[in-house]
Amino acid sequence: MHQTLFKIPQTYHGVPIMGFGVLLALVVVLGGGWLYVLYRRTGSTREVYAQAPLLAAIAFLVSVLLPRIAEPDGLAIRGFGVATTLGVLSGVWMAVVRARRRGVDPEVIYNLAIWLFVGGVIGARLFYVIEYWQQFRFDHTGQPLPITETLAMILRVDQGGLVVYGAAAGALVSLIWFVRRHKLVTLPLLDLIAPSLMIGLAFGRVGCFLNGCCFGGVCDHRWAVEFPAHPSEAQSVGERVTYTPPYARQVERGLFYGVQLGARMVAARETPQATVVYVVPGSPAAKQGVQVGDHVESIGGQPADTISRAVELLDRAMQNADVLKLRTERGEYTLPPGAAPPRSLPVHPTQLYSVLDALLIMLFLFAYEPFKRRDGELIAWMISIYAVTRFLVEIIRTDESAVFGTGLSISQNISLMMIVVVAGLWYWMRRHPAPVTWPVPSAG
């Protein structure tokens, strides 16, 4: 994994780069040039005025926000951000090529791409912040963070923390606004950009792999991946050392001691109890007889019946390389951790599974398009297949907990809702047949 590729310095030989410096000058020059080209192409000042607020927002980002979130030695350019940018550029290029072949003005695609990108990033980040709000509002000791620090953490999208379904919701809002404003037809436009969404998702999941997020559960397959314990730019946060996401989850759940703890509802309890949900084969825990389903009562003599308290005690024990005294209703077990390993236990590379999934869906859409009989079929197929495959991938992902008392992750719940929604779309299309607006151009 490569969380950080390089850093843009605050200044270079005394010349300011961020703030009111080189980057802002580039935004002004390139943005002004783009508005001029837009005016020459359309001959309308209305389009120029419509895009000006977006350029102003970018200028504000470069001149005010970037210097605030940059580290003293510069702004880190993350592998996640680079991969996501490549995904956006690839998707736009593909949509433009498809638009030209169908006689659609590529300018529509360029303008739509900007708004979809902005709406998608906002939606993806907002979804993540809501889902993991505790991480943004409280530090590792449970103390509330200053609001300025919380806001700074929310803005650090370069470090990952974007949810696909959140991006879809944000992009959908932008799409509805764009279609209404430009008086376009929705379903043909969605069919046009459907393959682009999948190539963008494929690159995005490469970014997830570089960042270490969206990881899978422990496995022993030949293609399993071990992530390093610390990112290359590891720092201490308070008294804790930062871990990569898979390693941190394995520390928090006790896997380096041979068990994995999770939250399970128990009769006559109002809150989920910390419970053994997995025992690593051949580990000291397995040899001592720890069993799946054992309910945790204490760790190191400290009450740890809730998963949050268990996570805190496991993290503390791992940091200190302590022997773990785990008490359940069946007795107490002494679990030695050994030396902290330099890498995580092997896990499913679910990020790469998702890359392959997105590419296969994209190829299917290309293969099916010549047989399309009505507008909306490509986007309907895309949603139908992705909702099912995402539900299945979530089974082996361990970065999301069950929610709403369903035993399913939030993404699995949304996948089920998407299946219901797309079933309604299929039904509507069958009841309202219409010729294809932009058919596939013939090879001749």
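This text goes with the structure placed above it.
So, a few notes on the structure that sits alongside this text. Quantities reported herein were computed from a predicted structural model and do not represent experimental measurements.

## Thoughts on the overall build of the protein
Inference 1: The helix and strand tally for the protein stands at 14 helices and 14 strands.
Inference 2: Here the C-alpha atoms of the protein give a radius of gyration of 25 Å, agreeing with the 22 Å that 2.2 N^0.38 yields for 444 residues.
Inference 3: C-alpha atoms of the protein, sized along the principal axes, occupy 80 × 65 × 40 Å.
Inference 4: The burial tally for the protein puts 45% of its 444 residues in the buried class.
Inference 5: Restricting to contacts in the protein with at least 6 residues of sequence separation, those with at least 24 account for 69%.

## Brief notes about the layout of surface pockets
Inference 1: Its volume calculated, the second largest pocket comes out at about 2100 Å³.
Inference 2: Where the lining of the second largest pocket is concerned, the elements lending two or more residues are helix H1 (22–42), helix H2 (45–69), strand E4 (75–78), helix H3 (79–101), helix H4 (106–131) and helix H6 (147–155).
Inference 3: A class-by-class count of the residues in the lining of the second largest pocket yields 39 nonpolar, four polar and five charged.

## A short note on empty space enclosed by the protein
Inference 1: On inspection of all chains with the given rule, the structure shows two cavities of 30 Å³ or more.
Inference 2: In this structure, the largest cavity occupies an estimated 50 Å³ of space.
Inference 3: Contributing to the lining of the largest cavity are Arg98, Arg102, Pro188, Asp191, Leu192, Glu369, Lys372, Asp375 and Trp438.
Inference 4: Considering each element in turn, the lining of the largest cavity owes the most residues, three residues, to helix H8 (residues 186–211).
Inference 5: Its residues assigned to classes, the lining of the largest cavity shows three nonpolar, no polar and six charged.
Inference 6: Its volume calculated, the second largest cavity comes out at about 40 Å³.
Inference 7: Residue lining of the second largest cavity: Leu201, Arg205, Ser354, Asp357, Tyr386, Thr389, Arg390 and Val393, and that is the complete set.
Inference 8: Elements with a minimum of two residues in the lining of the second largest cavity: H8, helix H12 (350–368) and helix H13 (377–396).
Inference 9: For the lining of the second largest cavity, the leading source of residues is H13, giving four residues.
Inference 10: Classifying every residue of the lining of the second largest cavity by side-chain character gives three nonpolar, two polar and three charged.

## Quick notes on the environment of Ile419
Inference 1: Inspection of the secondary structure assignment puts Ile419 in helix H14 (residues 410–431).
Inference 2: The exposure class assigned to Ile419 is partly exposed, which follows from its relative accessible area of 33%.
Inference 3: For the pair Ile419 and Tyr386, spaced 33 residues apart in sequence, the C-alpha separation works out to 9.4 Å.
Inference 4: With sequence-adjacent residues up to four places away left out, Ile419 is seen in contact with Ala387 and Val388.

## Topic: unusual backbone geometry
Inference 1: Residues other than glycine seldom take positive phi values, yet His13 does so here, at roughly 55°.
Inference 2: Position of His13 among the secondary structure elements: in the loop between strand E2 (11–12) and strand E3 (15–16).
Inference 3: The residue Cys214 is not glycine, and still its phi comes out positive at about 60°.
Inference 4: Take Cys214: it is sitting in the loop between H8 and strand E5 (236–237).

## A closer look at the sheet that holds strand E9 (residues 296–299)
Inference 1: Read from one edge to the other, the open sheet built from four strands follows the order E10-E9-E11-E12, with strand pairing classed as antiparallel. Of all the strands in the sheet, just strand E10 (302–303) and strand E12 (331–335) have a single pairing partner and so form its edges.
Inference 2: Sheet topology places E9 next to E10; two bridges connect them, and they run antiparallel. Bridged to Ile299 within E10 is Gln302.

## Overview of the packing of H4 against H8
Inference 1: Remark: H4 packs on H8, axes separated minimally by 13 Å, with the N-to-C direction vectors making an angle of 75°. Between H4 and H8, the angle falls in the class roughly perpendicular. Taken together, the residues of H8 that come into contact with H4 (itself represented by Ile109, Leu112 and Leu116) are Leu189, Leu192 and Ile193.
Inference 2: Taken together, the residues that form the contact of H4 with H8 break down as six nonpolar, no polar and no charged.

## Some words on the environment of Thr328
Inference 1: Tracing the sequence through the fold places Thr328 in strand E11 (residues 324–328).
Inference 2: Expressed as a C-alpha distance, the spacing of Thr328 and Val296, which sit 32 residues apart in the sequence, is 4.5 Å.
Inference 3: Those residues in contact with Thr328 that sit more than four places away from it in its chain are Asp294, His295, Val296, Glu297 and Tyr333.

Cut-off values and rules
Residues numbered from 1 in each chain as written. Predicted model: local features only at pLDDT ≥ 70, side-chain atom pairs only at ≥ 80, totals over all residues. Heavy atoms only, no water. Helix = DSSP H or I, 4+ residues; strand = E, 2+ residues; numbered from the N terminus. Rg over C-alpha atoms; globule rule 2.2 N^0.38 Å. Buried < 20%, exposed > 50% of the residue type's maximum accessible area, 1.4 Å probe, protein only. Contact = heavy atoms within 4.5 Å. 1 Å grid on protein atoms, 1.4 Å probe; cavity = no way out; pocket = protein on both sides within 12 Å on 5 of 7 lines; lining within 4 Å. Points joined across faces, edges and corners; volume = space filled by probe spheres on them. Nonpolar A, V, L, I, M, F, W, Y, C, P; charged D, E, K, R; others polar. Pairing = 2+ DSSP bridges. Axes fitted to C-alpha atoms, helices over the stretch in contact; angles between N-to-C directions. Parallel < 35°, antiparallel > 145°, perpendicular 65-115°, else oblique.

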